[in-house]
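Spelled out from the first residue to the last, the chains are:
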Amino acid sequence: MKSYQKLTTAVLQPAACRVEEEGAAQMSAGHRKLAPWCVGSGLLVAAVLLSATTVWVLRQVSGGWPGPTLPPKCLLVPESHRFDCYPERHVVVTRELCESRGCCFIESLPPAGGKRGVPWCFYPPDFPSYTLDSLNQTALGMVGLLVRREKAYYPRDIEMLRLDVEFETDTRLHIKLTDAANPRYEVPLEVPRAMKRAENPIYTLDFSRDPFGVLLRRRATGTVLLNTTVAPLIFADQFLQIATSLPSRFLYGLGEHRGTLLHNLDWSTLTLWARDVSPTESFNLYGAHPFYLLMEEGGDAHGVFLLNSNAMEVVLQPAPGLTWRTIGGVLDFYIFLGPDPNMVIQQYQQVIGFPAMPPLWALGFHLCRWGYGSSNETWQTVRAMRNYQIPQDAQWNDIDYMDGYRDFTFNPQKFASLPSLVEDLHKHGQYYVIILDPGISSTNPHGSYWPFDEGLKRGLFLNTTQGQPLIGQVWPGFTAFADFSNPDTHQWWLENLQHFHAHVPFDGLWIDMNEPSNFMDGSEDGCPPGELDSPPYTPAVLGDSLSAKTVCASAKQKASVHYNLHNLYGLMEAKATASALIQIQGKRPFVISRSTFPSQGRYSGHWLGDNRSQWKDMYYSIPGLLSFSLFGIPLVGADICGFSGSTSEELCTRWMQLGAFYPFARNHNTQNEKAQDPTVFSPAARTAMKNALLTRYSLLPFLYTLFHRAHLQGDTVARPLFFEFPWDVATLGLDRQFLWGRSLLVTPVLEPGVESVTGYVPRGVWYDFYTGSSVNSSGEMLKMSAPLEHLNLHVREGAILPTQKPGTTSEATRGNPLRLIVALSSSATAWGDLFWDDGESLDTFERGNYSYLVFNVTQNIFTSTVLHASTEATEVTIGTLSIFGVREPPSKVLLNGQEKPFSYLDNQVLTVSDLGLSLSQGFSLQWL
């Protein structure tokens, strides 16, 4: 086994691990200190030696087993620490194949269910890797040269790598490995440039020289966050691999996948390659997010982002350990040190960009289905919603509005009244959203379909290796695919949208099928032979081919080949679409995209795709939306009541209650299924759905303020419980509940036929949102009453929530009086804030066209302080103050020193109504 030579640099504080270090000879043995990770390694090696001895003894007792004798170095590696040397799928890995790569081969029992388990072929401790040949200081960090003296087993091994280390901030480290001699594809994402080196980093960085490895520790605790010496670094042209140990098993992120929020580290592989497929466990889904968040013991958190857009897989194993495996680009890592999970996500978004501020109407209720059949049928649904006074901000149409499923057209027979419908929506303060696909119909007579003719003329489509437009098949039949990596395509997209908007003045755009999806594999002619479409290694993608249900990886785009850009397709389309909407409307754009990549939140929201009308799909929507909160895309939700299959009244009622608390709330349904909008159900179910939506609308001021904080500094909107209680290990696996912001706990019913729900209530005082009654929890699972008409909501002590009397649209709600809900802490304090603007103009915060208020309670005095004011605030009044947790009945209440009538209930709720105060005026209210 190679010994590690520690490199000392000005910023490093190397662990005194090797007693042969200079000066060690003079120290008595009793005074030699070992760094914590060395002690851990020592214990591990001791355990390994014991297990190896056990294996040897067993072999002697049993008379040995057939086959070659294993080298002792192979027996030294415990199963959980075996890093896969032969990850190829659909290959029966034999001893000969394995040893031809210079690796260890030990058969072990396969796990049940056909899943992958302990690799039979794994790296020995002395497998050749890179050596750190030189390391020099730079203004921002270090630059080094890595040399590989023995080739690895993939073609075009890169012998010399450049290492760039930048200490960008005290909580952010940037480590990049690339070819020292030749330029390689890098993701065209704007990232911040550090101007000076961090002065007081909360991390320390050491390197192992031979084999090369990174050792990153948290300075305060000594916890080793990364140790890449656990397996060799491989950097070939189309196979890049680096592995690390992990400090705990509490790992989140790495999307887009369907599963629990907390990942299972028992030999699971997560593939990142955008794919159109109904959300299914273990499949690679619509988006790619190579970012993870890890909770360390004690409640600290860190995050790691690999800025790479190639096909990729991330392998998790119980060591705990993680392997990044990608087939192109460079290894460009950002590490975020938190130290709490909220800060990690903020630091991640400082690199990828903060999400856009949505228009207020985006936070209302949206209704859609595929299969309305006509604009009149769509209109009837809108009228029925109005008739029952059920809140709705936006009506959508799926592809059935189009003429022959062609973008930028509408069916002249069935949707003839579409312009009138849109006009009617606008008159009622409502909005209209249409679907668009990136596949442009290519079979129309020349001169009859401008989008294709003009795109062809300007050369704006993906091309084959022969330089002709790549033709696939999507809804309209044969199609070409717009190349959004070309800036000229953005102009053509804008012109198409302008032409259509002149006929149908839509308000938002839903961009679907943008993985990009293709009903063929590759193209009408398949894909050419070559190492882009058939690379030396293909990650574990659904369909076993990069071109499965998408275009050829060899397709040419303006910025690079599709092999490199595939995972960016949805992001680039969203960027073009948001930009076009801004130019057409001069307002905040509303875009919802299916395929996503880091920085997507700057341009669009996301829905979780084509789910099913099943109870388990409703549950999976929660880890889905929480994962996208980690990815910096707060405007996220699932199709309420399920897209495919047939919902039931009970499922749809429970799902409407949960969906009322998705940041993006849309009920959507497929064709040929019975309708599932709230109007079609029994009066009892309809009322329950309506009440859930009215509750959402009453909370719009609170939700809108959360989105402002997301836009301003990268706060999450929907938030896992462990973000607020990171030291409480009971919260680390919770994904059947979630928070809005810091203070509103949502506990939905996720199973049929029940009248109660059990949820975790973290330590502290929590108040029932509807009644103000308190629960004092020690941090425990509590059974809550949950009849079909009830969704459990609890307000955290110390919070002040701005709410509003709900209307049937966000516009109607905006004009109603506010009610401030104060949830007193056990020390009788509380805090809250409110962001208010016109709900639609661009950059209101940046331009100063907003109001911002802070609310505070101490010593029985509520204070509203206006920190910034705008004209919109003068049109709104604060009508009611409800204070939860007032322990003694007050004798009187003073508003700005004047006595006011009040009510006080036995459950310790004090209410002061008819305040009539302008939002633009500060005030104080005292109870004695």
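Preceding block: the structure.
A brief report on the enclosed structure follows. Remember, predicted model here, so these are calculated numbers, not experimental data.

**Overview of the overall build of the protein**
For step 1, the next point in the chain: Helix and strand counts for the protein come out as 17 helices and 50 strands.
For step 2, the next point in the chain: A globule of 928 residues ought to have a C-alpha radius of gyration of about 30 Å, and the protein, at 30 Å, matches this closely.
For step 3, the next point in the chain: Principal-axis analysis of the C-alpha atoms gives the protein an extent of 85 × 80 × 60 Å.
For step 4, the next point in the chain: Among the 928 residues that make up the protein, the fraction classed as buried is 61%.
For step 5, the next point in the chain: Here the contacts in the protein between residues at least 6 apart in sequence split such that 70% fall between residues at least 24 apart.
For step 6, the next point in the chain: Split by element, the accessible area of the protein, about 34,100 Å² in all, is 53% carbon and sulfur.

**Quick notes on the state of the cysteines**
For step 1, the next point in the chain: Inspection of the entire model under this criterion finds 5 disulfides.
For step 2, the next point in the chain: Cysteine 98 shares a disulfide with cysteine 121; S-S distance 2.2 Å. The sign of the 90° torsion about the S-S bond sets the cysteine 98-cysteine 121 disulfide as right-handed. Linking cysteine 98 in helix 3 (residues 95-100) with cysteine 121 in strand 2 (residues 121-122), this pair joins segments that are 23 residues apart in sequence. Cysteine 121 matches cysteine 98 in its accessibility class, with the two residues each being buried.

**Examining the sheet that holds strand 35 (residues 764-768)**
For step 1, the next point in the chain: Pairing is antiparallel in the open sheet, where 6 strands are placed in the order 31-32-33-38-35-36. Across the chains shown, the open sheet's two edge strands, defined by having one partner strand only, are strand 31 (718-719) and strand 36 (774-777).

**Focus: the packing of aromatic side chains**
For step 1, the next point in the chain: One pass over the full model with this rule turns up 50 aromatic pairs.
For step 2, the next point in the chain: Between the aromatic rings of tyrosine 401 and phenylalanine 500, the centroid separation amounts to 6.2 Å while the plane-to-plane angle is 40°, which identifies the pairing as tilted. Placement of the pair is tyrosine 401 in the loop between strand 20 (394-397) and helix 6 (418-427) and phenylalanine 500 in helix 8 (residues 487-503), with a sequence separation of 99 residues. For the pair shown, tyrosine 401 and phenylalanine 500 are each scored as buried.
For step 3, the next point in the chain: Aromatic ring contacts, followed pair by pair, group Trp361, Trp396, Tyr431, Trp510, Phe590, Trp607 and Phe664 into a single cluster.
For step 4, the next point in the chain: Against the face of tyrosine 388 rests arginine 686, its NZ or CZ located 3.8 Å from the ring centre.

**A short note on the nonpolar core**
For step 1, the next point in the chain: In this structure, Trp324, Phe862 and Leu925 are the most contacted members of the largest nonpolar core, which totals 233 residues.
For step 2, the next point in the chain: At 9 residues, helix 11 (residues 615-630) tops the list of elements feeding residues into this core.
For step 3, the next point in the chain: Dropping the residues within four chain positions of it, phenylalanine 862 is found in contact with Ile800, Leu820, Val822, Phe855, Asn856, Val857, Leu881, Phe923, Ser924, Leu925 and Trp927.
For step 4, the next point in the chain: In this structure, Phe83, Cys121, Tyr153 and Leu546 belong to the second largest nonpolar core, which totals 26 residues.

**Some words on the pairing of strand 24 (residues 477-481)**
For step 1, the next point in the chain: When you tally the buried positions in strand 24, you get 4 out of 5 residues, the bulk of the element.
For step 2, the next point in the chain: Here strand 22 (residues 439-441) runs beside strand 24; their pairing, made up of 3 bridges, is antiparallel. In the sheet register, isoleucine 440 faces strand 24, and the bridge partner there is alanine 480.
For step 3, the next point in the chain: Taken together, the 3 bridges between strand 23 (residues 472-474) and strand 24 define a ladder with antiparallel strand orientation. Pairing of valine 474 across the sheet is with glycine 477, part of strand 24.
For step 4, the next point in the chain: Where strand 23 folds back on strand 24, the antiparallel hairpin that results is connected by 2 residues.

**Overview of the sheet that holds strand 30 (residues 665-667)**
For step 1, the next point in the chain: What the 9 strands build is an open sheet, ordered 28-27-26-25-21-20-19-30-29; its pairing is parallel. In this open sheet, the two strands that pair with only one neighbour each are strand 28 (636-637) and strand 29 (639-640).
For step 2, the next point in the chain: On top of the sheet, helix 6 reaches strand 20 and strand 21 (431-436); it is set at about 135° to strand 21, its chief contact.

**Brief notes about the packing of helix 5 (residues 375-387) against helix 6**
For step 1, the next point in the chain: Orientation of helix 5 relative to helix 6, taken along the N-to-C sense of each, is 20°, at an axis distance of 9 Å. Here helix 6 runs roughly parallel to helix 5, going by the angle between their axes. Two packed elements cross with a definite hand, and for helix 5 against helix 6 that hand is left-handed. Residues Ser375, Thr378, Trp379, Val382 and Arg386 of helix 5 touch helix 6, and the partners they reach there are Leu418, Ser420, Leu421, Asp424 and Leu425.
For step 2, the next point in the chain: Looking at side-chain class alone, the contact of helix 5 with helix 6 contains 5 nonpolar, 3 polar and 2 charged residues.

**Section: empty space enclosed by the protein**
For step 1, the next point in the chain: Taken as a whole, this structure holds 3 cavities of 30 Å³ or more when the rule is applied.
For step 2, the next point in the chain: When its volume is computed, the largest cavity comes out at roughly 150 Å³.
For step 3, the next point in the chain: Looking at the lining of the largest cavity, the elements that each hand over two or more residues are strand 6 (172-179), strand 11 (239-245), strand 17 (321-326) and strand 18 (331-336).
For step 4, the next point in the chain: Element by element, the count of residues in the lining of the largest cavity is highest for strand 11, at 3 residues.
For step 5, the next point in the chain: Within the lining of the largest cavity, the residues separate by chemical class into 13 nonpolar, 2 polar and no charged.
For step 6, the next point in the chain: Around the second largest cavity, the lining residues are Leu360, Leu700, Pro701, Tyr704, Gln804, Ser810, Thr813, Arg814, Phe835 and Trp836.
For step 7, the next point in the chain: Broken down by secondary-structure element, the contributors of at least two residues to the lining of the second largest cavity are helix 14 (700-713), helix 16 (810-814) and strand 41 (830-836).
For step 8, the next point in the chain: Taken together, the residues of the lining of the second largest cavity sort by class into 6 nonpolar, 3 polar and 1 charged.

Reading the values: rules and limits
- Residues numbered from 1 in each chain as written.
- Predicted model: local features only at pLDDT ≥ 70, side-chain atom pairs only at ≥ 80, totals over all residues.
- Heavy atoms only, no water.
- Helix = DSSP H or I, 4+ residues; strand = E, 2+ residues; numbered from the N terminus.
- Rg over C-alpha atoms; globule rule 2.2 N^0.38 Å.
- Buried < 20%, exposed > 50% of the residue type's maximum accessible area, 1.4 Å probe, protein only.
- Contact = heavy atoms within 4.5 Å.
- Areas by Shrake-Rupley, 256 points an atom, 1.4 Å probe, with all protein chains shown as cover.
- Disulfide = S-S within 2.5 Å.
- Pairing = 2+ DSSP bridges.
- Phe/Tyr/Trp six-rings, centres within 6.5 Å; stacked < 30°, edge-to-face > 60°.
- Lys NZ or Arg CZ within 6 Å of the ring centre and 35° of its normal.
- Core = buried A, V, L, I, M, F, W, Y, C linked by side-chain atoms within 4.5 Å.
- Axes fitted to C-alpha atoms, helices over the stretch in contact; angles between N-to-C directions.
- Parallel < 35°, antiparallel > 145°, perpendicular 65-115°, else oblique.
- Left-handed = near helix turned anticlockwise from the far one by under 90°.
- Nonpolar A, V, L, I, M, F, W, Y, C, P; charged D, E, K, R; others polar.
- 1 Å grid on protein atoms, 1.4 Å probe; cavity = no way out; pocket = protein on both sides within 12 Å on 5 of 7 lines; lining within 4 Å.
- Points joined across faces, edges and corners; volume = space filled by probe spheres on them.

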